[in-house]
Amino acid sequence: MSTVVTGQIAGGADLKRLSPRFWLARQTELALVWGPLFIVALVVALIVHVSAADLLPVVIALIAGVAWLVERGRYRSWGYTEREDDLIVVRGLMFRHVSVVPYGRMQFIDVTAGPIDRAFGLATVQLHTAAAATDARIPGLVRAHADALRDRLALVGEAKATGL
Amino acid sequence: MSASPPPFQAAVPLEVGETWRRLHPLSPIVRFGRVLIGVLVIAVPSIAEQPGLHRDAGLPISLIIYAGLLALGGVGGFISWMVTRWRIADGNLQIETGFIRRQSLRIPLARIQAVDVIAPLSGRFLGLAEVRVVSAGRGAEHGRLAYLTAAQAPIVRARLLALAHGLEVSTPEPDALPLLHVQNGLLLPALLMRSQVLAPILIAVAAVAAIAAAPVVGAGALGSAVTVLVISGLGVARAFNEDFDFAISEAGDGVRLDRGLLQRRHETIPYGRIQAVRVVEPFFWRALGWARLEVDVARQSVSRETDRDAQQVARTLIPVASRDQALWLLARVMPDAYPDPPPGAGPPSRARLKAPLSFHFLAAWFGQRYVYARTGRVQRSTIIVPLVKVQSVRLKSGPLQRGFHVATVDVDTAGRRWQASARCRDEEEAVTMVRHISERARLSRRVPPPRPANPVPVPAAG
């Protein structure tokens, strides 16, 4: 239930993966959160002379390791493919989602980038349809690719647009 | 604030043109009627309780305060009435309002989808009604003309509709073909027979019986059952109030609903706005062969309009009817839709462990024009989504579902109440469903949806 199924829905088309820079950006984010926590835990362990305190940095490191694994799994799970009439977005590690969004249903497209994404030259492309539940979001695209994708989508969206 | 309505423009024939006109002068009273009653409820007893000590020194202070508040409210209401005006010109319905922050609303007549007339209770006493304009598009504004006289409102409605369809201004409202009328004598027992009312009654009866055996437990159960009963009783009263004297009829542009005990509503649901229909069959109704139809319409913008009431849209297509009648009505709204699963629409039997409660009715299937999803254990509900309205299709599978080799297929529409969710499908089948549904949805978008066929006689009740 992963690449096989996705491939079946996509009709054999290859999934495009996210830029490796996205993984770097996520790792930076992880480091920014867990690094300081680890240092604090280390300092506490050195100052406080309770045997339980020695375990603190180890626990923090373990949790950070798990978070890293989860984040890596998420990064690897993302994928998208542009078909003739619709866009397929695959995401999720534990809860797999395969969304099929027809170009004709797109209402508008957002390109957003947070501070860390910007530092890595990345952007997120999000498609909006009239349905609130539509969750076609592609993060971690290289800025130029994101803009190109947006323009392509806008073009086909206009060509195939249908009303409500 | 005068007591009797002054002779306003009602007598003058309402010409549609460039002239700006105001709403009815009594509008603020209806609009802020609830606040007014609230103030009176607080004020009158507290003034009546005042001891006559201050009589010599003039009026009691509290009376002055309340009178001041009322005067302030009156002035505010008067100003809001003064600065609000509307006209139909340049292909727009234009509404201007706001004293400090001026707001100008322009609703293109061509984009009007429905014009509703709503008469709240206080408005009915004063002979006033509201005209509410629903227009198409995301973020579209919804115009409210609150309030006009009850005589004016239908005229304005007819003119707006005529202009919206590019007809002569004086074209009367198109005739509606009456489809079904719900007898109030049927509505009340039907509402009472829903399990959320009957279950607490049964528990209460059981609790009374149990008091003899175990007083503490019985009394406790009785107490909570009574609480639940009161809540569900309020729900029944509200539903009865909303769907009282329910009549549904069919006009060229959509279905018309007339309903309401205290607040009368005259609404139109355009066919094009219907995103999904749900057939609901509560437990006790199934034995009697009754069903209810609910409708999901395209999402309303929740923009500046903070009025809770303005966001209420018709949600019931028919509050109660025999199943045959409900299916007949369904066919009027969604031709060729049939909400009973073909063999093989159920999930694989191994899903019984994954969804032990809902497994009983769980089913999903699709045809050339609709996607169907059925669920429920006590209350059976079937959601029908036209393929034309499908916005996106999604396959979901969680870790537990993967263990059972099942997956969920969600079909999203622009409605805001439901999505057709085919739960616990076999993985292979789910993949096929996603492919076929998105393919058929794509094809159906190319072909314009067929108009409903000519009326067929209503099947007899029961």
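Keep in mind that what you see is a predicted model, and the values were worked out from it rather than measured.

Let's shift gears to the overall build of chain B. The number of helices and strands found in chain B is 13 helices and 20 strands. Within chain B, buried positions represent 35% of all 462 residues. Of all intrachain contacts in chain B linking residues separated by at least 6 positions in sequence, the fraction that spans at least 24 positions is 57%.

Across its full length, chain A carries five helices and six strands. Looking at the 164 residues of chain A, the share that counts as buried comes to 27%.

All names here are of chain B. Look at the link from Ala146 to Tyr147: it is a cis peptide, with omega at 5°. Mapped onto the elements, Tyr147 comes out in strand β7 (residues 143–149). Unlike most non-glycine residues, His405 shows phi in positive territory, near 55°. Looking at His405, the number of C-beta atoms within 10 Å reads 15, which means it is partly exposed.

Our focus in this paragraph is the environment of Val371 of chain B. Residues and elements named next belong to chain B. Within the secondary structure layout, Val371 lies in strand β16 (residues 370–375). Overall, Val371 belongs to the buried group, with 27 C-beta atoms counted inside 10 Å. Sequence separation of Val371 and Gln183 is 188 residues, and the distance between their C-alpha atoms is 32 Å. Not counting residues within four places of it along the chain, the set of residues in contact with Val371 comprises Phe366, Val385, Leu387, Val411, Ala420 and Ile437.

Strands pair in a sheet through their backbones, by hydrogen bonds, and they do so in one of two ways: parallel or antiparallel. All names here are of chain B. Taken together, the seven strands give an open sheet; going across it, the order is β7-β6-β5-β11-β10-β9-β8, and neighbouring strands pair in antiparallel fashion. Every interior strand has two partners, whereas the edge strands, β7 and β8 (177–181), have only one. This sheet shows a mean twist of 20° between the axes of neighbouring strands, independent of strand direction. Where helix α10 (residues 323–333) meets the sheet, it contacts β8, β9 (247–250) and β10 (254–259), and its direction lies at approximately 145° from that of β8.

Another point: the packing of helix α6 (residues 184–192) of chain B against helix α8 (residues 215–243) of chain B. All names here are of chain B. Direction vectors running N to C along α6 and α8 enclose 155°, while the axes themselves pass 10 Å from each other. With respect to α8, the element α6 is oriented roughly antiparallel. Regarding α6 and α8, the two cross each other, and that crossing is right-handed. Judged by residue contacts, Leu187, Leu188, Leu191 and Leu192 of α6 engage Val236, Ala239, Phe240 and Asp243 from α8. For the contact of α6 with α8, the per-class residue count stands at seven nonpolar, no polar and one charged.

Our next topic: the domain arrangement of chain A. Residues and elements named next belong to chain A. In terms of domain boundaries, chain A breaks down into domain 1 (3–16 + 79–159) and domain 2 (20–74). Each of domain 1 and domain 2 has a C-alpha centre, and the two are 32 Å apart. With nine residues of domain 1 in contact, the opposing surface of domain 2 contributes nine residues. Every element with two or more residues in the side of domain 1 that touches domain 2 is listed here: α4 (115–119) and β6 (136–142). Within the side of domain 1 that touches domain 2, the residues separate by chemical class into six nonpolar, two polar and one charged.

Glancing now at the sheet that holds strand β4 (residues 108–112) of chain A. Residues and elements named next belong to chain A. The antiparallel open sheet is built from three strands, whose spatial order is β4-β5-β6. Edge positions in the sheet fall to β4 and β6, since each has one partner strand and no second. Geometrically, the sheet is characterised by an average inter-axis angle of 20° between neighbouring strands, direction not taken into account. With five bridges connecting them, β4 and strand β5 (residues 122–128) associate as antiparallel partners. Within the sheet, the bridge partner assigned to Asp110 lies in β5 and is Gln126. Helix α2 (residues 20–47) contacts β5 and β6 of the sheet and is inclined by roughly 95° relative to β6.

A separate point is the nonpolar core. If you look at the biggest cluster of nonpolar residues, it comprises 88 residues, and the most contacted ones within it are Val277, Ile318, Leu329, Val371 and Val434 of chain B. The next biggest cluster of nonpolar side chains, apart from the first, holds 32 residues, and it includes Leu23, Val115, Leu148 and Ala164 of chain B.

Let's shift gears to the environment of Gly344 of chain B. Counting through the fold element by element, Gly344 of chain B comes out in the loop between α10 and α11 (351–354). With 21 residues separating them along the chain, Gly344 of chain B and Trp365 of chain B place their C-alpha atoms 8.8 Å apart.

What follows deals with the pairing of strand β4 (residues 103–108) of chain B. Residue and element names in this part refer to chain B. Alignment of strand β3 (residues 92–97) against β4, held across six bridges, turns out to be antiparallel. Counterpart to Gln94 in the pairing with β4 is Arg106. Remark: five residues form the turn of the hairpin made by β3 and β4, two consecutive strands paired antiparallel; Gly98 in that turn has positive phi of roughly 100°.

Residues and elements named next belong to chain B. Most of strand β5 (residues 112–119) sits inside the fold, with eight of its eight residues counted as buried. As judged from the six bridges shared by β5 and strand β6 (residues 128–135), these two strands associate in the antiparallel manner. Bridged to Asp116 within β6 is Arg132. Here β5 runs beside strand β11 (residues 264–270); their pairing, made up of three bridges, is antiparallel. Opposite Ala119, over in β11, you have Arg264 as the bridge partner.

Turning to the interface of chain A and chain B, a few remarks are in order. Taken together, the contact pairs 27 residues of chain A with 28 residues of chain B. For the side of chain A that touches chain B, the secondary structure elements donating two or more residues are α1 (3–9) and β3 (96–102) of chain A. The residue makeup of the side of chain A that touches chain B, split by class, is 15 nonpolar, eight polar and four charged. In this structure, β3 of chain A lies alongside strand β18 (residues 392–397) of chain B, joined through five bridges in antiparallel fashion.

Across chain B, the average pLDDT comes to 80, with 85% of residues at or above 70. Predicted complex, confidence summary: ipTM 0.84, pTM 0.80.

So, on to the packing of helix α7 (residues 195–213) of chain B against α8 of chain B. When two helices pack together, their arrangement is given by the angle between the helix axes and the distance between those axes. Residue and element names in this part refer to chain B. The contact between α7 and α8 brings their axes to 8 Å, and the two run at 160°. The angle between α7 and α8 places the two elements in the roughly antiparallel class. As for the relative orientation of α7 and α8, their crossing is left-handed in sense. The segment α7 lies against α8, with Gln196, Val197, Pro200, Ile201, Ile203, Ala204, Ala207, Val208, Ala210 and Ile211 engaging Pro215, Val217, Gly218, Ala219, Ala221, Leu222, Ala225, Val226, Val228, Leu229, Ser232 and Val236. Its residues placed into classes, the contact of α7 with α8 shows 19 nonpolar, three polar and no charged.

About the thresholds
- Residues numbered from 1 in each chain as written.
- Chains lettered and ligands numbered in written order.
- Predicted model: local features only at pLDDT ≥ 70, side-chain atom pairs only at ≥ 80, totals over all residues.
- Helix = DSSP H or I, 4+ residues; strand = E, 2+ residues; numbered from the N terminus.
- Buried ≥ 20, exposed ≤ 12 C-beta atoms within 10 Å, placed from the backbone.
- Contact = placed C-beta atoms within 7 Å.
- Pairing = 2+ DSSP bridges.
- Axes fitted to C-alpha atoms, helices over the stretch in contact; angles between N-to-C directions.
- Parallel < 35°, antiparallel > 145°, perpendicular 65-115°, else oblique.
- Left-handed = near helix turned anticlockwise from the far one by under 90°.
- Nonpolar A, V, L, I, M, F, W, Y, C, P; charged D, E, K, R; others polar.
- Domains from an automatic or database assignment.
- Core = buried A, V, L, I, M, F, W, Y, C linked by C-beta atoms within 7 Å.
- pLDDT = per-residue confidence, 0-100.

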